[in-house]
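A closer look at the structure
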Amino acid sequence: MNEELRKALAAASQLARTDEKTGLLNERAYLEQLGRITALARRREEELGVVLIDSNGLKQVNDTYGYDAGDSVIREIGKALKRTLYETDTIARLHGDEFALILPMTSDTLSVREQMSRVMKKLARALTFASSLPVEHGPVSVLVTVAMGAVVRVGTRIPDGEEFLRIATRALHASKRKIRATTPEAKKDSWQYVIDVE
C-alpha cells in the first residue's frame, strides 16, 4: 500500500470517529471508548464517572436565528468542555445538543460524590455563558445553560457501557425536571445536575 493511500485511509478512519461540528469524538467512538474504559476500570477496581450534558434552549436558538447560530452554540460548548476537562477525560458529542463524558475519578482524599460534585460545578460554570451568535442582522447574545446527569461507580459495581448510559440518562432527565420546576425568572441563569453514586 502506498503512503498516500495509507494517509487517506487514516484520515477517513479519523473522520468516521469525529463529530464534524466540534472535532470531538462522535457517538460511535464514544461507545467504543466507554466499553473499553468500563472493562478496564472494573478489572482494576477503579472509580469511574459518566456524565451526560444537554444544553437548554438550543431549539429556540435554531428556530429564532437559524441552524448556523445553533451550530455556533454547539461549537462553543465543545470548546468549553475541552478547556475545562483533563486530557485523560473522554469528551464526545452524541447528537444534537447532547454531550457525553467519561471521567476517571482520581482523588485519594475526596469521596467519589465530592469529586463528581466539584467536577459538575466546574462544568456548570464553564457551560453557562453568553454566546455571541453570528446572525444576519449582526451579532446577538444568547444565554446558554445546561442540564447534567452523572453516574459514578467503583470497581465491580461498574456496569457495562449501555447500562452506564441508561443510568446517566435517568440522572439527566431528573436534572431536566429540576429545571422545569424552577420559576421562569430563575431559569434565566439556571443549571442543574443530578449525581447517582452507589
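This report concerns the structure included in the present document. Source: prediction; values computed, not measured.

Secondary structure summary: the protein contains seven helices and six strands in total. At a minimum sequence separation of 6, the contacts of the protein that also span at least 24 residues come to 66%. When the accessible surface of the protein is summed, it comes to about 11000 Å², and 50% of that surface belongs to carbon and sulfur atoms.

Quick look at helix H6 (residues 161-180) now. The first and last C-alpha atoms of H6 sit 29 Å apart over 20 residues, in line with the 28 Å expected at 1.5 Å per residue. Within the span of H6, buried status applies to Gly 161, Phe 164, Leu 165, Ile 167, Ala 168, Ala 171, Leu 172, Ala 174, Ser 175 and Ile 179.

Another aspect to go through is the packing of helix H3 (residues 58-65) against helix H4 (residues 67-84). The geometry of H3 relative to H4 is characterised by a closest axis approach of 7 Å and an angle of 145° between their N-to-C directions. Contacts between H3 and H4 involve Leu 58, Val 61, Asn 62 and Tyr 65 on the former and, on the latter, Tyr 67, Ala 69, Gly 70, Val 73 and Ile 74. Of the residues that constitute the contact of H3 with H4, the class distribution is seven nonpolar, two polar and no charged.

On inspection of all chains with the given rule, the structure shows eight salt bridges. With its nearest N and O atoms 2.7 Å apart, the salt bridge here joins Arg 93 to Asp 19. Taken together, the positions of Arg 93 in strand E2 (residues 90-95) and Asp 19 in the loop between helix H1 (3-17) and helix H2 (27-44) put the pair 74 residues apart, joining distant regions of the chain. Across the salt bridge formed by Asp 63 and Lys 59, the nearest N and O atoms sit 2.7 Å from each other. Of this pair, Asp 63 and Lys 59 both sit in helix H3, four residues apart, which is roughly one turn of that helix. What makes Lys 59 exposed here is its relative accessible area of 62%. Several salt bridges share partner residues, and in doing so they unite Arg 17, Arg 28 and Glu 32 into one network.

What follows is about the nonpolar core. Among soluble globular proteins, nonpolar side chains are generally buried collectively. By size, the foremost hydrophobic cluster in this structure holds 30 residues, and its most contacted members are Val 51, Ile 53, Leu 81, Leu 101, Met 116 and Leu 123. The set of elements that each furnish at least two residues to this core consists of strand E1 (47-56), H3, H4, strand E3 (98-105), helix H5 (112-127) and strand E5 (138-154). Beyond its immediate sequence surroundings of up to four residues, Ile 53 is in contact with Leu 81, Asp 97, Glu 98, Phe 99, Leu 101, Leu 123, Leu 127, Val 146, Ala 147 and Met 148. Within the second largest apolar cluster, 19 residues are counted, among which are Ala 41, Leu 52, Ala 92 and Leu 94.

What follows is about H2. Helix length check: H2, at 18 residues, gives a terminal C-alpha distance of 25 Å against a target of 26 Å (1.5 Å per residue), a fit within 8%. For H2, every residue scored as buried is listed here: Ala 29, Tyr 30, Leu 34, Thr 38 and Ala 41. Each buried residue of H2 lies within a common arc of 155° when the element is viewed along its axis, so the set occupies one face. For H2, exposure combined with an orientation more than 90 degrees from the buried face picks out Arg 28 and Arg 43. Taking the backbone nitrogen of Arg 28 as reference, a side-chain oxygen 3.2 Å away marks Asn 26 as the first, capping residue of H2. Note on H2: the residue one or two positions beyond its end, Glu 45, has a positive phi of about 60°.

Further remarks concern the environment of Ile 37. Its location among the elements puts Ile 37 in helix H2. In the structure, Ile 37 is positioned 123 residues away from Asp 160 in sequence and 9.8 Å away in space, judged by C-alpha atoms. Dropping the residues within four chain positions of it, Ile 37 is found in contact with Leu 48, Thr 90 and Ile 102.

A word on the pairing of E1. The buried count for E1 comes to eight of 10 residues, which makes it a mostly enclosed element. Judged from the eight bridges that link them, E1 and E3 form a sheet pairing that is antiparallel. Bridging from a neighbouring strand, Gly 49 pairs with Leu 103 of E3.

Relative orientation of the contacting elements H4 and H5 amounts to 140°, with a least axis distance of 9 Å. Between H4 and H5, the crossing angle belongs to the class labelled oblique. In the packing of H4 onto H5, the handedness of the crossing is right-handed. Within the contact between the two elements, H4 uses Ile 77, Ala 80, Leu 81 and Thr 84 and H5 uses Lys 122, Leu 123, Ala 126 and Leu 127. Residues of the contact of H4 with H5, tallied by class, amount to six nonpolar, one polar and one charged.

Cut-offs used in this document
- Residues numbered from 1 in each chain as written.
- Predicted model: local features only at pLDDT ≥ 70, side-chain atom pairs only at ≥ 80, totals over all residues.
- Heavy atoms only, no water.
- Helix = DSSP H or I, 4+ residues; strand = E, 2+ residues; numbered from the N terminus.
- Contact = heavy atoms within 4.5 Å.
- Areas by Shrake-Rupley, 256 points an atom, 1.4 Å probe, with all protein chains shown as cover.
- Expected span 1.5 Å × (residues − 1).
- Buried < 20%, exposed > 50% of the residue type's maximum accessible area, 1.4 Å probe, protein only.
- Axes fitted to C-alpha atoms, helices over the stretch in contact; angles between N-to-C directions.
- Nonpolar A, V, L, I, M, F, W, Y, C, P; charged D, E, K, R; others polar.
- Salt bridge = Lys/Arg side-chain N within 4 Å of Asp/Glu carboxyl O.
- Core = buried A, V, L, I, M, F, W, Y, C linked by side-chain atoms within 4.5 Å.
- Arc of directions from axis to C-beta.
- Polar contact = N/O pair within 3.5 Å; in protein donor to acceptor, adjacent residues only side chain to side chain.
- Pairing = 2+ DSSP bridges.
- Parallel < 35°, antiparallel > 145°, perpendicular 65-115°, else oblique.
- Left-handed = near helix turned anticlockwise from the far one by under 90°.

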